[in-house]
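# Architecture and fold: a report
One-letter residues, chain by chain:
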Amino acid sequence: MLLGTNLLMAQTAAAGAAQEEAPKVDWTGVAYYVAIFFLICLGIAIVGKILKIYDLTLKMQGKKGIKWNNIMAVICIIFLLAGLYGSYWSFTEQGSMTLPEAASAHGVKIDEMFTVTTVLTMIVFFVTQILLFTFLFRYRHSDKRRAHFLPHNNTIEKVWTIAPAIVLTILVVFGFFTWQKIMNSENLKDDINIDVTGHQFAWELRYPGKDGVLGPKDFRLVTGANNLGVNFKKKSSFDDLKVDTMYLPVNKSIRLNILAQDVIHSVYMPYFRVQLNAVPGLPTFFKFTPTITTAQMRTKLDDPKFEYTLYCNKICGGSHYNMQKVVRVVTEAEYQSWLSRQKPYLNDALRKELHFATANSEQSGASTNRIALNN
Amino acid sequence: MSTLAVHDHAGTHHDEHGHEHHHDQSFLSKYVFSMDHKMIAKQFLITGITMAVIAMILSILFRIQLAYPDKTFPLLTTLLGRFAPNGRISPDFYLALVTIHGTIMVFFVLTAGLSGTFANLLIPLQVGARDMASPFMNMLSYWFFFLASVIMLSSFFVQKGPASGGWTIYPPLSALPKAMPGSGEGMTLWLISMVLFVASSLMGGINYVSTVLNMRTKGMDLWKMPLTIWALFLTAILGILAFPVLVAGVVLLIFDRSVGTSFYLSDIVLNGVQQPFEGGSPILFQHLFWFLGHPEVYIVIMPAMGISSEIMSVNSRKPIFGYHAMVYSLIGITVLSFIVWGHHMFVTGMNPFLGGVFMITTLIIAVPSAVKTFNWLATLWRGNIRFTPAMLFAIGMVSFFISGGLTGIFLGNAALDINLHDTYFVVAHFHLVMGSAAIFGMLAGVYHWFPKMFGRMMDEKLGYLHFWLTFICAYLVFFPMHFMGLDGVPRRYYAFTEFASMQKWLTINTFVTWAAIIAALTQFGFLYNFFVSIFKGRKATQNPWESNTLEWTTPVEHLHGNWPGEIPTVYRWPYDYSKPGAEEDYIPQTVPYSQTMSSNVPHDFEDNPAGLEELNKFTSTLKANEQVK
Ligand code: HEM
Ligand SMILES: [Cu+2]
Ligand SMILES: [Cu+2]
């Protein structure tokens, strides 16, 4: 296998690829690591032999040999203690590196449910793991003892079927209603509509103009200057704005209208507990209300450079790992002043192109919907 | 009619037997195109192990990238050529590594390697049959699997590299060859390989089901089958019902790719160019994929559950607690696993109400899983536990299943999944509950039935070392990933260098990579133990673990047809361990109740009034004798 790839590499290299500074392999370094590995293997082999000899001498003295059952039982207990400490450490150390409180209204509900679920499951986690490993230690093999013959016990089995069923029912009921509430929120009149379109490998943002309505899109209308395929036959398209950073006024209901052009992407804004896939051919939307401004979050996190981000969370190709937009939550006043500085989607290049399109379409007799602008 | 066939089959074999000892099988028909289920099991096992090692090496490669995103390793260029120019794995090849790692592990190792090995080995031996219902189809099943493996690996040699859209190969990414290099020939090979794989899996599955249903020995009614058989049987049913749906999905994808249909494609502009697709739905593929995909994860775990149940009962010297509950929960999981697939699609834009329904079904499936866990704990309680390496791995399986299963409760809650979907939290969840748990079940099975397969024992001490290092490292690798997920770190990212918020995880990533490297190196200890023991291990006795099940009544030297004489008759369930009043702490299934009067209890004769009368007579004479004394 390696030979084959080498051959192919040689071909591409010969074809003039970036061969100039082919980095050199540090073979002594490689040999060093390989030597360490073999030394460890040797060490293990020696320890194994010593154990074997020890075991044999014990047996020759008429003893029972190494009591592996006891050793394993003790390791189980050590593992349990180390594991308990390790998970405690992990919870405190890495747990503190996780997302801060939700910066959106519905996110608070999600966080509450997360806390309840965590508490319940962690109780089960610790109790079952502790039982598992203490049983192993407590009931390790002994020749003097026999196991307790206990094929079943209907009462206790019923208990531990019904108990998880009840707990899960509670979680489901809360989860179900929260979920319905988040996803089925009604459309309000003063929702701020924002158009988010994903393509390899960037997000395009479009805000409605003064009319508050986003003009419709059609993938057949996509051109170099009109890369979203906005339909300019419709009036609502004319005042749409093309923006680079997603500004959101705090405490206002936002409606993200989500679509992808090429492959599936996913709009992911974890600080707001927002995620929805961007699917070609299937427009979707997600509604939420940001509650903490970027400035507030900066003081909270004590990080003057903090920015909210929107990034792609569905594998979409080579640069999937770098497909982001900055999101800024600001006060209403800041939002309005920012908004007034944004450029219309219908820029000069596009105007020109639509003119050309008109002329062309008259010649070819096609694409009547591009005449819109001239009317 | 089926019973007739069974008798016929067994009869002919029996007659032939005398001759068979003498005439030598050719090398080809004994080791290569073998129709003996035991040899086919070994073929599946060794191919599975080979694939596992390859997939493991792939994972180390991408872990290196995650730990050292800015370092160059010229050695990588030497090894991988154009896939790692200038000493760094390229982003596209990174995705290919992730994709092929996942595909091989889920399908080739944990489905074919696990079910293929243990269903083939154990079903005939534990139900008392001379071979599978159709040995020829069984052979074909292996060779289709082998071919599928070769084709999957061959995709590393095509110009643009292997498939790289993730193991779930969602279109349009996988459908548009121009969307990424891996969606070219690499994806074509992936699809061909999977079709062959499913064919293999179906031929195997049909064989397993018909063997269990039709070829059980006398006395082996369904409720006397070991849990391994129950698990493998239900797994096979799941596979037969679910895999064809994957083929349907894959075939439509092949059409979209090569014939120009639009099943999954609509409204697409790729690199500024409109594509001529209209009316399809990318979500349709996800429905088809997960209709298989979710049952698939249980196809992976159920054999591991069966194996662990059996091994834990043998080595605790105790009956499995709640045998009936164990079977019913397996049946429950089998049925429910068909109606939960939508939990992988909560945030696809699917109708939210549908998401709500899938959340309900998903959390219901956690109940049988919980019951199984509690029953395992109760099996250990007041046992007399022997720590064989197999036992340790079975215990590790339980520990992982608990840790990973609990996070399923977060993910199954659609509202919580909004923020967790496709993050490292999901990676942690399924690597513990499926990856680690199932691999540990498989390793437990290998250690336990190695004497049955090769007539020799593996080295216990190396087994201990293998267990503890792997167990600890697996936790070190996957536990911290939960927190990365809770910080919103997405999976399938080539590097976390581009986001200020993710850079703080670099130290954890380096730590995880080193834990993974140690775990991987440990596996070479296992490989050494495995292959050396095949030739040099201590000779096994007939029943080394003092186990009750039928496979240990066959001679150590393998024969075609398994038992030299008649197939033994079964009289009791497989879990009479440490029964009070019995001489030994185990009573094999082949021992009739008439020979164990002192240990019989009324419960043994629930549907056998004559036997109960016998028992009553016996106890009353016993009492009378005592009074006389
Ligand atoms: C306790 C019950 C379980 C529940 C409630 C549960 C729930 C879930 C959910 C909701 C997801 C989707 C997460 C997402 O993508 O956002 C998921 C992913 C997954 N689960 Fe589970 N799960 C459970 C047990 C299992 C078991 C037993 C296995 C396998 C043996 C398993 C294997 C997987 C795999 C492989 C994935 C990830 C697939 C992928 O996206 O690549 N789960 N689980
Ligand atoms: Cu992406
Ligand atoms: Cu699932």
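What you see as residue numbers is a count from 1 along each chain, following the sequence as written. Numbering of ligands from 1 and lettering of chains from A proceed in the order in which they are written. Thresholds applied to this predicted model are a pLDDT of at least 70 for local features of residues and 80 or more for the giving and counting of side-chain atom pairs; totals over whole chains, interfaces and linings are not thresholded and use all residues. The side-chain figures draw on all heavy atoms in the structure; neither hydrogens nor water molecules are used.

All names here are of chain B. With respect to the helices, strands and loops of the structure, Asn562 is situated in the loop between α16 (506-536) and α17 (609-628). Each residue is placed in one exposure class: buried if its accessible area under a 1.4 Å probe, protein chains only, is under 20% of its type's maximum, exposed if it is over 50%, and partly exposed if it falls in between. Among the residues examined, Asn562 registers a relative accessible area of 2% and is labelled buried. In the analysis that follows, any N or O atom pair within 3.5 Å is treated as a polar contact, provided that within protein one partner can donate a hydrogen and the other can accept it, and provided that, for residues neighboring in sequence, both atoms belong to side chains. Polar side-chain contacts of Asn562 include one of 2.9 Å to the side chain of His37. It only takes one pair of heavy atoms within 4.5 Å for two residues to be counted as in contact. Leave out the neighbours within four places in its chain, and Asn562 touches His37, Lys38, Pro124, Leu125, Ala129, Arg130, Thr554 and Pro555. A run of H or I in DSSP becomes a helix once it reaches four residues, and a run of E becomes a strand once it reaches two; helices and strands are each numbered from the N terminus.

To continue, consider the sheet that holds strand β10 (residues 324-330) of chain A. Residue and element names in this part refer to chain A. If DSSP finds at least two bridges between two strands, the strands pair. Taking strand neighbours across the sheet as the criterion, the five strands line up as β4-β10-β9-β6-β7 in an open arrangement whose pairing is mixed. The sheet terminates laterally at β4 (246-249) and β7 (274-278), the two strands that pair on one side only. For this sheet, the mean angle separating the axes of adjacent strands, direction not counted, is 20°. Direction of pairing for strand β9 (residues 308-312) relative to β10: antiparallel, over a ladder of four bridges. Following the sheet pairing, Tyr311 is matched in β10 by Gln324. For helices, the fitted line uses only the C-alpha atoms of the stretch in contact; every axis is such a line through C-alpha atoms, and the angle between N-to-C directions lies from 0 to 180 degrees.

Okay, the domain arrangement of chain B next. A common measure of how large an interface is: the accessible area buried when the components associate. All names here are of chain B. An automatic or database domain assignment supplies the residue ranges for each domain. Under the domain assignment used here, chain B contains domain 1 (34-536) and domain 2 (561-628). Look at where the C-alpha atoms of domain 1 and domain 2 centre, and you get two points 42 Å apart. Every contact between the two is made by 24 residues of domain 1 and, on the other side, 19 residues of domain 2. Accessible area that two parts lose when put together, evaluated with a 1.4 Å probe and summed over both, is termed the buried area. Between domain 1 and domain 2, the buried area comes to about 1800 Å², and carbon and sulfur atoms account for 53% of it. A carboxyl oxygen of Asp or Glu within 4 Å of a side-chain nitrogen of Lys or Arg is what we treat as a salt bridge. Taken together, the links from domain 1 to domain 2 amount to one salt bridge. Asp585 serves as the salt-bridge partner of Arg317, at 3.0 Å between the closest nitrogen and oxygen.

With that settled, the discussion passes to the coordination of the copper ion (ligand 3). All names here are of chain B. Protein coordination of the copper ion (ligand 3) is provided by His294 (ND1), His343 (NE2) and His344 (NE2), with donor distances spanning 1.8 to 2.1 Å. Coordinating donors are taken as N, O and S atoms within 2.8 Å of the metal, stretched to 3.2 Å for Na, K and Ca; because water is absent from the atoms, sites can appear incomplete. When the donors of the copper ion (ligand 3) are listed by position in the chain, the intervening gaps give H-x48-H-H. Metal-to-metal, the separation of the copper ion (ligand 3) and the iron atom of ligand 1 is 4.6 Å. Of this pair, His294 sits in helix α9 (residues 282-316) while His343 sits in the loop between α10 (323-336) and α11 (352-380); the two residues are 49 residues apart in sequence, bridging distant segments of the chain.

Turning our eyes to something else, we now look at unusual backbone geometry. Residue A:Gln200 is joined to A:Phe201 through a cis peptide bond whose omega torsion reads -10°. Phi is positive for B:Arg317, close to 50°, though the residue is something other than glycine. Within the fold, B:Arg317 resides in the loop between α9 and α10.

All names here are of chain B. Two numbers describe how helix α3 (residues 37-67) lies on α16: the axes approach to 9 Å, and their chain directions differ by 155°. One finds that α3 runs roughly antiparallel with respect to α16. Judged by the twist between their axes, the crossing of α3 over α16 is left-handed. Residue classes follow a fixed rule: Ala, Val, Leu, Ile, Met, Phe, Trp, Tyr, Cys and Pro count as nonpolar, while Asp, Glu, Lys and Arg count as charged, and any other residue, Gly among them, counts as polar. The residue makeup of the contact of α3 with α16, split by class, is 18 nonpolar, four polar and one charged. Orientation categories follow fixed angle ranges, with anything under 35 degrees roughly parallel, anything over 145 roughly antiparallel, 65 to 115 roughly perpendicular, and all other angles oblique. Each crossing is labelled by how the near helix is turned from the far one, with a counterclockwise turn of less than a right angle marking it left-handed and a clockwise turn marking it right-handed.

Each partner contributes to the interface: chain B provides 135 residues, whereas chain A provides 115 residues. Along the contact surface separating chain B from chain A lie two salt bridges. In this structure, B:Glu278 and A:Arg220 form a salt bridge, with 3.1 Å as the shortest nitrogen-oxygen distance. Across the contact surface, chain B and chain A share 39 residue pairs in polar contact (both at pLDDT 80 or more). Among the elements that line the side of chain B that touches chain A, the one with the most residues is α11(B), at 17 residues. Residues belonging to the side of chain B that touches chain A are distributed by class as follows: 81 nonpolar, 33 polar and 21 charged.

Looking now at helix α15 (residues 460-486) of chain B. Residues and elements named next belong to chain B. One fewer than the residue count of a helix, multiplied by 1.5 Å, yields its expected span. In this model α15 runs 40 Å from its N-terminal to its C-terminal C-alpha over 27 residues, within 8% of the 39 Å that 1.5 Å per residue would give. Within α15, 20 of the 27 residues are buried, leaving the element largely enclosed by the surrounding structure. Among the residues of α15, the N-terminal cap falls to Asp459, whose side-chain oxygen and the backbone nitrogen of Lys461 are separated by 3.3 Å. Just downstream of α15, Gly488 is the residue with a positive phi angle, here 80°.

All names here are of chain A. Here chain A shows a mean pLDDT of 86. Residues at 70 or above account for 89%. Across the chain, each position has a pLDDT score giving the predictor's confidence in that residue, from 0 to 100. Confidence over residues 1-20 falls short of pLDDT 50; this stretch has 21 contacts with residues more than four positions distant or in other chains. The model gives residues 358-375 a pLDDT under 50, and that stretch makes 21 contacts with residues more than four places away or in other chains.

Our next topic: the pairing of β4(A). Residues and elements named next belong to chain A. Of the two faces of β4, the one lined by Met246 and Leu248 and the one lined by Tyr247 and Pro249 are each fully buried. Examined bridge by bridge, β4 and β10 share four bridges and lie parallel to one another. Considered in β10, the bridge of Met246 is made with Val327.

Here we take up the environment of B:Trp573. Summarising the element assignment, B:Trp573 is placed in the loop between α16 and α17. Taking the C-alpha atoms as reference points, B:Trp573 and B:Gln595, separated by 22 residues in sequence, lie 15 Å from one another. When neighbours within four sequence positions are excluded, B:Trp573 is seen to be in contact with A:Pro151, B:Lys224, B:Pro319, B:Ile320, B:Tyr323 and B:Gln589. Within polar-contact distance, the side chain of B:Trp573 engages the side chain of B:Asp576 at 2.7 Å.

Core analysis: the biggest nonpolar cluster contains 293 residues, and A:Tyr207, A:Met246 and A:Leu256 have the highest contact counts within it. If you tally residues by element for this core, the top one is helix α5 (residues 91-127) of chain B, at 23 residues. Dropping the residues within four chain positions of it, A:Tyr207 is found in contact with A:Asn193, A:Ile194, A:Leu214, A:Asp240, A:Leu241, A:Val243, A:Met246, A:Tyr247, A:Leu248, A:Tyr335, A:Trp338 and A:Leu339. Membership of the second largest hydrophobic core comes to eight residues, among which are A:Ala225, A:Val230, A:Phe232 and A:Leu354. Nonpolar core, defined: a set of buried Ala, Val, Leu, Ile, Met, Phe, Trp, Tyr and Cys residues in which side-chain atoms within 4.5 Å join the residues together.

The next thing to look at is the pattern of salt bridges. Residues and elements named next belong to chain A. Throughout the structure, instances matching the rule amount to 25 salt bridges over all chains. Across the pair Lys325 and Asp244 runs a salt bridge, and its minimum N-O distance is 3.3 Å. In this pair, Lys325 is assigned in strand β10 and Asp244 in the loop between β3 (241-243) and β4, connecting sequence segments 81 residues apart. With relative accessibility at 12%, the residue Lys325 sits in the buried group. Classification of Asp244 as exposed rests on a relative accessible area of 55%.

Next up on the list: the sheet that holds strand β8 (residues 284-288) of chain A. All names here are of chain A. With respect to topology, six strands assemble into an open sheet ordered β8-β5-β1-β2-β3-β11, the strand pairing being mixed. Only two strands of the sheet have a single partner each, and these edge strands are β8 and β11 (343-344). Inspection of the sheet shows strand β5 (residues 254-260) paired to β8 by five bridges, in the antiparallel sense. Considered in β8, the bridge of Arg255 is made with Lys287. Where helix α7 (residues 332-340) meets the sheet, it contacts β1 (192-199), β2 (202-207) and β3, and its direction lies at approximately 100° from that of β2.

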